[in-house]
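Residue strings, one per chain:
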Amino acid sequence: MITLDSFSALGEPQRALIDDIRAGRAPHAALITGIAGTGKRTLARLLACALLCTAEGKRPCMQCKGCRRAQAMTHPDLLLPSTKEKDRSIKVEDLREIIRALSYHASEGTRRVVLIENAQRMTPQSQNALLKSLEEPDGETTFLLTSSGETGLLPTVRSRCRVVRVQPWSDQQIISALRERGIAQARAQELSKLCGGSLGTALDMDGDENYFALREACGRTFFSLRSMQDVPVASAHLKDKKDSADEILSMVELKVREYLLHAMRAADAPEPMAESRCHEMWLQASPRSLEHIMSALIDARKYRASNVSWQAIAEKLLYIISEDINS
Ligand SMILES: [Zn+2]
C-alpha cells in the first residue's frame, strides 16, 4: 500500500511538504504537479487524510473516522468541486459550494481542506473566484491543488501556492511498489524500465496483455535469430504486426540498449528475451555490433516516417541483426 512515507522517500520537495503537514505547519495552499502517473492525486488525498485525521501520533492513521471519511471523500470538512465528469472544465458554479462553505467555520474540527484535482481545468473565472480565499489565509483552511502541468493556472493563483513537483519514481521504488501489488519480480523489473518513472504507467502496462503479446513477438523474432536462415521465418511472423510497428521498434531498441550497456560493462546482463542459446549470442556481441544495430533502429524509424512498408523495414533490420549477432 502506498503511504505518505512512500512519497517522502521519492524526493525532498514532497518530503518537506509531508513533514510540515504532519507537524501542523500546513501551508495555506499547495500545488502538486509532476508527470502523469507519479501519484499526484494519491498524494493529495493522503495529505487531506493527514489534515483531517483525529488520531494522536503519526498521521494519517487511516483508521479514525476523520481518515475514513476523508478517504471516502465524504468528510464534511473536505470541500470538492461539484464537477463529476473527469474531462470537463471546472466552472464557477462547480465551486459555489466551496465558496459558500468558506464563509463559515469548519463544521467539525478546526481543519478544513479544499481539494481540487486537475486544477488546470478550472476556467479563469473559477480561478479568480478562488483567488480571494487563496490570498487571505483563515488559519483553518488548506488548499490542495493537483495539476499535470503548471500551464492553465493563472500566475496569481500559482504564486499563492507552494508548488511541489512530484519526482519520477526510481526503478527500485517502482519495483517495490509493483511487488507489493503481487507482481512477479521479473515482470516488475521489466515494467520499471519501461514506465519512465511513472507508477501509474507501469500499472497500466501490467494490465495491458497486448504489450506482453508484443514482447513475446519481439522475443520470437528479433532476439531468436540463430543464423541468416531464420530471417524469412521471423519476417513472416512480423507481417501482421504493422499496427504495432512503433511499439515493436521501441521494445527492440530498449533491449538492444540493455545489451549494449552490458557489453560496455556499464550494467548487469539483461533478462533474456528468448531461448538461452540466442541470449548468449547477444551477450557475446561487441559494443560495435550493438551500436550498429542501434543505428539501424534509428534508420528504421526514419523509414517509418517516410512510409516505407513495415515488412521491408522489419526484414532489413532482421538481416542487419543477424549479420551483427550471428557472425
Ligand atoms: Zn486518522
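If you're wondering where the values come from, they're calculated on a predicted model, not measured in any experiment. (Residues numbered from 1 in each chain as written. Predicted model: local features only at pLDDT ≥ 70, side-chain atom pairs only at ≥ 80, totals over all residues.)

K.L.:
Would you take a moment to explain the pairing of strand E4 (residues 141-147) for this structure?
P.N.:
Consecutive side chains along a regular strand alternate between the two faces of the sheet. Counting buried residues along E4, seven of its seven residues qualify, which places the element largely inside the surrounding structure. Burial of E4 is two-sided: the residues Thr 141, Phe 143, Leu 145 and Ser 147 facing one way and the residues Thr 142, Leu 144 and Thr 146 facing the other way are all buried. Summarising the sheet, strand E1 (residues 29-33) and E4 pair through five bridges and their orientation is parallel. Bridging across to E4, Ile 32 finds its partner in Thr 146. As paired strands, strand E3 (residues 112-116) and E4 are joined by five bridges and run parallel to one another. Considered in E4, the bridge of Val 114 is made with Phe 143. Once you follow E3 into helix H6 (residues 124-135) and on to E4, the crossover reads as right-handed. (Buried ≥ 20, exposed ≤ 12 C-beta atoms within 10 Å, placed from the backbone. Helix = DSSP H or I, 4+ residues; strand = E, 2+ residues; numbered from the N terminus. Pairing = 2+ DSSP bridges. Right-handed = clockwise from strand over helix to strand, strands pointing away.)

K.L.:
How do you make sense of the packing of helix H12 (residues 231-238) against helix H16 (residues 310-325) when you look at a structure like this?
P.N.:
Working note: a packed helix pair is described by the angle between its axes plus the distance between those axes. The contact between H12 and H16 brings their axes to 9 Å, and the two run at 145 degrees. As H12 runs across H16, the sense of the crossing is right-handed. Mapping the contact onto sequence places Val 231, Ala 234, Ser 235 and Leu 238 in H12 and Gln 311, Ala 314, Glu 315, Leu 318, Tyr 319 and Ser 322 in H16. Its residues placed into classes, the contact of H12 with H16 shows six nonpolar, three polar and one charged. (Axes fitted to C-alpha atoms, helices over the stretch in contact; angles between N-to-C directions. Left-handed = near helix turned anticlockwise from the far one by under 90°. Contact = placed C-beta atoms within 7 Å. Nonpolar A, V, L, I, M, F, W, Y, C, P; charged D, E, K, R; others polar.)

K.L.:
I'm lost on the packing of helix H13 (residues 245-263) against helix H15 (residues 287-305) in this one. Help?
P.N.:
Where H13 contacts H15, the axes come no closer than 9 Å and their chain directions differ by 160 degrees. Considered as vectors, H13 and H15 are oriented roughly antiparallel to each other. Along this stretch, H13 crosses H15, giving a crossing that reads as left-handed. Contact residues: Ala 245, Asp 246, Leu 249, Val 252, Glu 253, Val 256, Arg 257, Tyr 259, Leu 260 and Ala 263 in H13; Pro 287, Leu 290, Glu 291, Ile 293, Met 294, Leu 297, Ala 300, Arg 301 and Arg 304 in H15. Grouping the constituent residues of the contact of H13 with H15 by class yields 13 nonpolar, no polar and six charged. (Parallel < 35°, antiparallel > 145°, perpendicular 65-115°, else oblique.)

K.L.:
Would you mind showing me how to read the environment of Asp 94 here?
P.N.:
Structurally, Asp 94 can be placed in the loop between strand E2 (78-79) and helix H5 (96-102). Overall, the presence of 20 C-beta atoms within 10 Å leaves Asp 94 in the buried class. Aside from chain neighbours lying at most four places away, what touches Asp 94 is Pro 81, Ser 82 and Thr 83.

K.L.:
What is the right way to look at H6 in this model?
P.N.:
Each full turn of the α-helix corresponds to 3.6 residues, which orients residues three or four apart in the same direction. The first and last C-alpha atoms of H6 sit 16 Å apart over 12 residues, in line with the 16 Å expected at 1.5 Å per residue. Along H6, the residues classified as buried are Ser 126, Gln 127, Leu 130 and Ser 133. Looking straight down H6, one finds its buried side chains confined to an arc of 110 degrees; they lie on one side. Opposite its buried face, H6 presents the exposed residues Pro 124, Gln 125 and Lys 132, each directed more than 90 degrees away. Looking at the buried positions of H6, the neighbouring elements they touch are H5 and helix H7 (155-158). (Expected span 1.5 Å × (residues − 1). Arc of directions from axis to C-beta.)

K.L.:
What am I meant to see in the nonpolar core here?
P.N.:
Most often, soluble globular proteins have nonpolar side chains that are buried together. Ranked by internal contacts, the top residues of the largest apolar core, which has 54 residues, are Leu 47, Ala 48, Val 113, Leu 144, Leu 145 and Ile 174. The element that contributes the greatest number of residues to this core is helix H3 (residues 40-52), accounting for nine residues. Look past the residues within four positions of Leu 47 in its chain and what remains in contact with it is Ile 21 and Leu 144. One finds Leu 249, Val 252, Met 273 and Ile 325 within the second-largest nonpolar core, a separate group that totals 29 residues. (Core = buried A, V, L, I, M, F, W, Y, C linked by C-beta atoms within 7 Å.)

Keep in mind these values describe shape, not function.
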